[in-house]
Amino acid sequence: MSDLTVTALLVLALFALLGSGVWIGLALSGVAWIAMELFSSRSAGDAMAVTIWGSASSWTLTALPLFVWMGEILFRTRLSADMFQGLAPWMNRLPGRLLHTNIVGCAIFAAVSGSSAATCATIGKMTLPELARRGYPDGIVVGTLAGAGTLGLLIPPSIIMIVYGVSADVSISQLFVAGVVPGVLLAALFMSYVVVWALLNRGAVPPADDSLSLRRKLWASRSLIPVVLLIGAVLGAIYAGIATATEAAAIGVVGALLLSAVQGSLDRRTFVTSLLGATRLYCMIALILAGAAFLTLAMGYIGLPRHLAEWIASLGLSRFELIVALALFYVLLGCFLDGISMVVLTMGVILPTVQAAGIDLLWFGIFVVLVVEMAQITPPVGFNLFVLQGMTGRELTWIARQALPMFALMVVAVLLIYVFPELVNWLPRQMRATA
Amino acid sequence: MRAALDRLYDAAAWIAAAFMVGLLAMVLLGIAGRQLGFYVPGTDAYAGYLMAGAGFLSLAHTLKRNEHIRVTLLLSLAGPRTRRALEWWSLAVALLLAALLAVFSVRLAWQSYAFHDISTGNDATPLWIPQLSMAIGSLILLVAFVDEIALEASGRRGRAAADDQQHVE
């Protein structure tokens, strides 16, 4: 059979299995099984067991369950309940006023949760009613929330970055550090958009709340500041080279437990629900990773990644064209797959192509995360759109239209990191110098 | 029978949760050792084994809570009859794959035992011990899929596909 037939057959099998609703992790191992049976003489079953065991017990992955757990603990503290009250007093003076609570709130919560749908839902639950009560226009409120919710993927500690790091064999610590500048950049782009919008639509923004003294402001944010400090400490430990990503995650779990104990939200029940919640969330990701590990092995046997790399090289695309093509591909794929599945599914196949084109894998990781973020707010299937649809009861198309400016800003962010790769590479290089 | 099965999934999940705590303890022990100058060999490897155990042993429990993700686009668009057919197809494929995983996981642990396979790391653990978690976890997952199929056949299965995928990135 020719390579083309092989590839077409496998892709078809994959889409049939995924599309018909087979659990994603199992669907991936199913396709891998077919590939192994057809194209390799090695026993598919033994290869599967060894590969899955190896990936499930690898030391580099241990950061993942710990960060998931840290997020689940912090999620159950007073943080989310106090987010709006804590942020609002600081945002009153900016043009666009409390609209910024959406963006900054998401950015902070992003650091905690690492999931964009959860970020969107948690912040939206606080800000949507408060902003509506004060008379902020619906469109921009929903739009900024949809866009900023995706920061969950980019601002570390990010689950999807760990998944990318493990799949592409890139240091998780460096990925985290590399995500900081683009994450802040994107948040700044969103905020600038709100400022410009507010200046153009002066009448649309309701008057400011009463301003508070600095002490009152600090008091209002008392449950936010420790969390921000904790995240800062976790990232700082990674950046300074004191701790590996896993160790920083373990410290983060302990810190989160202490924090919630001090706030009085830690009892037997919250401890157990956060622990079991984290175990299940980790298990869900682990099943996908297991399937993907086996699929990557099978792809290696067929030589598909190598052939794809050769084929794409023969097209003679420029690097920019390749990047654009990949971005389109991911946004399309995002129409029916979630971010983690997208990353693990494609990494096994696409990495040789990326390497052959001379693209730095650290940079590519940040690029992929940005593009996956874009996929979260593109119709017909974007998880953030679904979340917002559930919360506002508006039509999906309307929400997608409100989110469109944010989508455009993400395109700008991708272009910026393409033109100025230092935005990604500079901070991790500082880290390497100190370590 | 129902109660016994649910107890099985939950018991496995509790052990998985205990492994999560063990994973945390293992990493903290490693940190403490480095700071205080004592050395416990193999904390890295044990952390990996505990993580694997946490994942495998909670497979069935997570399935039962509808938290394993799947693409529900077609399922939610389909009419009741197509939908039922798709559910049966998904369950059949999943059962087959879970059975394969269970068989070969058990075989892997058995072979590690028979050939005295020892970890290449400095923990020198006989590998069949941690691999038991994979064997047992995937067996329980297989049981859970058989259970799901029995529930579907008797029309008592919860409408999994209707749930949105809240926790997904």
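Numbers given to residues run from 1 along each chain, matching the order in which its sequence is written. Here chains are named by letter from A upward and ligands by number from 1 upward, in the order in which they appear as written. Only residues with pLDDT of at least 70 get local features here, since the model is predicted, and only at 80 or more are side-chain atom pairs given and counted; chain-wide, interface and lining totals rely on the full set of residues. For the side-chain quantities, the full set of heavy atoms in the structure was used; hydrogens and water were omitted.

1. So, the overall build of chain B
Part 1 of the argument: Each helix is a run of DSSP H or I of at least 4 residues and each strand a run of E of at least 2, with the numbering of both proceeding from the N terminus. On a plain count of helices and strands, chain B comes out with 6 helices and 0 strands.
Part 2 of the argument: Written out in order from the N terminus, the α and β elements of chain B read α-α-α-α-α-α.
Part 3 of the argument: Only C-alpha atoms enter the radius of gyration, while the globule expectation follows 2.2 Å times N to the 0.38, with N the number of residues. For chain B, the C-alpha radius of gyration of 19 Å lies well beyond 15 Å, the compact-globule estimate for 169 residues.
Part 4 of the argument: Any two residues whose heavy atoms approach within 4.5 Å at even a single point are treated as in contact. For chain B, long-range pairs separated by at least 24 residues make up 75% of all intrachain contacts whose partners lie at least 6 apart in sequence.
Part 5 of the argument: The Shrake-Rupley method, run with a 1.4 Å probe sphere, supplies the accessible areas, and residue values consider only the shown protein chains as cover. In the form shown here, chain B has an accessible surface area of approximately 8,100 Å², with 68% of it arising from carbon and sulfur atoms.
Part 6 of the argument: Two residue types count as positive, namely Lys and Arg, and two as negative, namely Asp and Glu; His and chain ends fall outside the count. Lys charges are placed at NZ, Arg charges at CZ, Asp charges at CG and Glu charges at CD. Where the 13 positive side-chain charges of chain B centre and where its 13 negative ones centre are 9 Å apart.

2. Regarding the interface of chain B and chain A
Part 1 of the argument: Listed by partner, the interface residues are 61 residues for chain B and 65 residues for chain A.
Part 2 of the argument: Of the roughly 5,400 Å² buried between chain B and chain A on both sides combined, carbon and sulfur atoms contribute 76%.
Part 3 of the argument: The term salt bridge refers to a side-chain nitrogen of Lys or Arg lying within 4 Å of a carboxyl oxygen of Asp or Glu. At the boundary of chain B and chain A, one finds 3 salt bridges.
Part 4 of the argument: Residue Arg107(B) is joined to Asp46(A) by a salt bridge in which the shortest nitrogen-to-oxygen separation is 2.7 Å.
Part 5 of the argument: Think of a polar contact as two N or O atoms within 3.5 Å of one another; within protein, one of them needs to be a possible hydrogen donor and the other a possible acceptor, and neighboring residues in sequence only count if both atoms come from side chains. For the pair chain B and chain A, the number of links is 9 residue pairs in polar contact (both at pLDDT 80 or more).
Part 6 of the argument: Where the side of chain B that touches chain A is concerned, the elements lending two or more residues are α1 (2-36), α2 (43-57), α3 (59-64), α4 (73-77), α5 (80-114) and α6 (128-153) of chain B. What gets called buried area is simply the loss in accessible area from a 1.4 Å probe that two parts show on being joined, summed for both.

3. Comments concerning helix α15 (residues 268-302) of chain A
Residues and elements named next belong to chain A.
Part 1 of the argument: In this model, α15 (35 residues) spans 51 Å end to end at C-alpha, consistent with the 51 Å of a helix rising 1.5 Å per residue.
Part 2 of the argument: Exposure categories follow from relative accessible area, calculated using a 1.4 Å probe and restricted to protein chains: below 20% of the type maximum is buried, above 50% is exposed, and the middle band is partly exposed. Most of α15 sits inside the fold, with 27 of its 35 residues counted as buried.
Part 3 of the argument: Here α15 starts with a cap whose side-chain oxygen sits 3.1 Å from the backbone nitrogen of Arg269, and that cap is Asp267.
Part 4 of the argument: Just past α15, the residue Gly303 takes up positive phi, approximately 80°. Here the expected length of a helix is defined as 1.5 Å per residue gap, with one fewer gap than residues.

4. Focus on the packing of helix α6 (residues 99-113) of chain A against helix α8 (residues 138-149) of chain A
All names here are of chain A.
Part 1 of the argument: Orientation of α6 relative to α8, taken along the N-to-C sense of each, is 15°, at an axis distance of 9 Å. Taken together, the axes of α6 and α8 are roughly parallel relative to one another. Judged by the twist between their axes, the crossing of α6 over α8 is right-handed. Contact with α6, carried on its side by Leu99, Asn102, Ile103 and Cys106, involves Ile140, Val141, Thr144, Leu145, Ala148 and Gly149 of α8 and no other residues of that element.
Part 2 of the argument: All amino acids are sorted into three groups, where Ala, Val, Leu, Ile, Met, Phe, Trp, Tyr, Cys and Pro are nonpolar, Asp, Glu, Lys and Arg are charged, and the leftover types, Gly among them, are polar. Across the contact of α6 with α8, the residue classes break down as 7 nonpolar, 3 polar and no charged. Only the stretch in contact is used when fitting a helix axis, every axis being a line fitted to C-alpha atoms; angles between N-to-C directions are given from 0 to 180 degrees. Under this scheme an angle from 65 to 115 degrees is roughly perpendicular, one under 35 degrees roughly parallel, and one over 145 degrees roughly antiparallel; angles in between are oblique. By definition, any crossing whose near helix is turned counterclockwise from its far helix by less than a right angle is left-handed, and any crossing with a clockwise turn is right-handed.

5. Quick word on the packing of helix α10 (residues 159-168) of chain A against helix α11 (residues 172-200) of chain A
If you want to describe how two helices pack, look at the angle between their axes and the distance between the axes.
Residue and element names in this part refer to chain A.
Part 1 of the argument: Closest axis-to-axis distance for the α10/α11 pair is 9 Å, and the angle between their directions is 135°. What the angle tells us is that α10 and α11 run oblique. Once α10 is placed against α11, the crossing between them reads as right-handed. Facing α10, whose interface residues are Met161, Ile162, Tyr164, Gly165 and Val166, α11 presents Ile172, Leu175, Phe176 and Gly179.
Part 2 of the argument: Residue composition of the contact of α10 with α11, grouped by class: 7 nonpolar, 2 polar and no charged.

6. Some thoughts on the side chain of Thr144(A)
Part 1 of the argument: Residue position: Thr144(A) is located in helix α8.
Part 2 of the argument: Contact partners of Thr144(A), with chain neighbours within four places excluded, come to Asn102(A), Ile103(A), Val194(A) and Met406(A).

7. A short note on the nonpolar core
All names here are of chain A.
Part 1 of the argument: The term nonpolar core refers to a set of buried residues drawn from Ala, Val, Leu, Ile, Met, Phe, Trp, Tyr and Cys, joined through side-chain atoms within 4.5 Å. Among the nonpolar cores identified, the biggest contains 215 residues, and Phe364 and Phe367 are the most heavily contacted of them.
Part 2 of the argument: Broken down by element, this core gets its largest block of residues, 20 residues, from α15.
Part 3 of the argument: Setting aside residues up to four positions removed in sequence, Phe364 forms contacts with Tyr164, Leu326, Met347, Ile350, Val354 and Ile359.

8. Here's the deal with the pattern of salt bridges
Residues and elements named next belong to chain B.
Part 1 of the argument: The full count for this structure, using the stated rule, is 17 salt bridges over all chains.
Part 2 of the argument: For Arg2, the salt bridge is made with Asp147, and the minimal N-O distance between the two is 2.8 Å. Taken together, the residues span a long stretch of sequence, with Arg2 in helix α1 and Asp147 in helix α6 at a distance of 145 residues.
Part 3 of the argument: For the salt bridge of Asp147 with Lys64, the shortest nitrogen-to-oxygen distance reads 2.9 Å. Separated by 83 residues along the polypeptide, Asp147 in helix α6 and Lys64 in helix α3 bring together distant segments of the chain.
Part 4 of the argument: When salt bridges that share partners are traced, they join Arg2, Asp6, Lys64, Arg70, Arg84, Glu87, Asp147, Glu148, Glu152 and Arg157 into one network.

9. Description of α11(A)
All names here are of chain A.
Part 1 of the argument: Taking 1.5 Å per residue as the helical rise, α11 with its 29 residues ought to reach 42 Å, and the 42 Å between its terminal C-alpha atoms agrees with that figure.
Part 2 of the argument: Given a residue, its bend is the angle between the two axes fitted to the seven residues that end at it and to the seven that start from it. If you look at α11, its biggest bend is around 30°, right at Val180, and the proline Pro182 turns up within four residues after that.
Part 3 of the argument: Of the residues that open α11, the one with a side-chain oxygen 3.3 Å from the backbone nitrogen of Ser173 is Ser171.

10. Describing the confidence of the model for chain B
Residue and element names in this part refer to chain B.
Part 1 of the argument: Within chain B, residue pLDDT values average 88, and 93% of them lie at 70 or more.
Part 2 of the argument: The score called pLDDT rates the predictor's confidence residue by residue, from a low of 0 to a high of 100. Every residue in residues 160-169 scores below 50 in pLDDT, and together they form 33 contacts with partners more than four places removed in sequence or on other chains.
Part 3 of the argument: In the predicted assembly, ipTM is 0.92 and pTM is 0.88.

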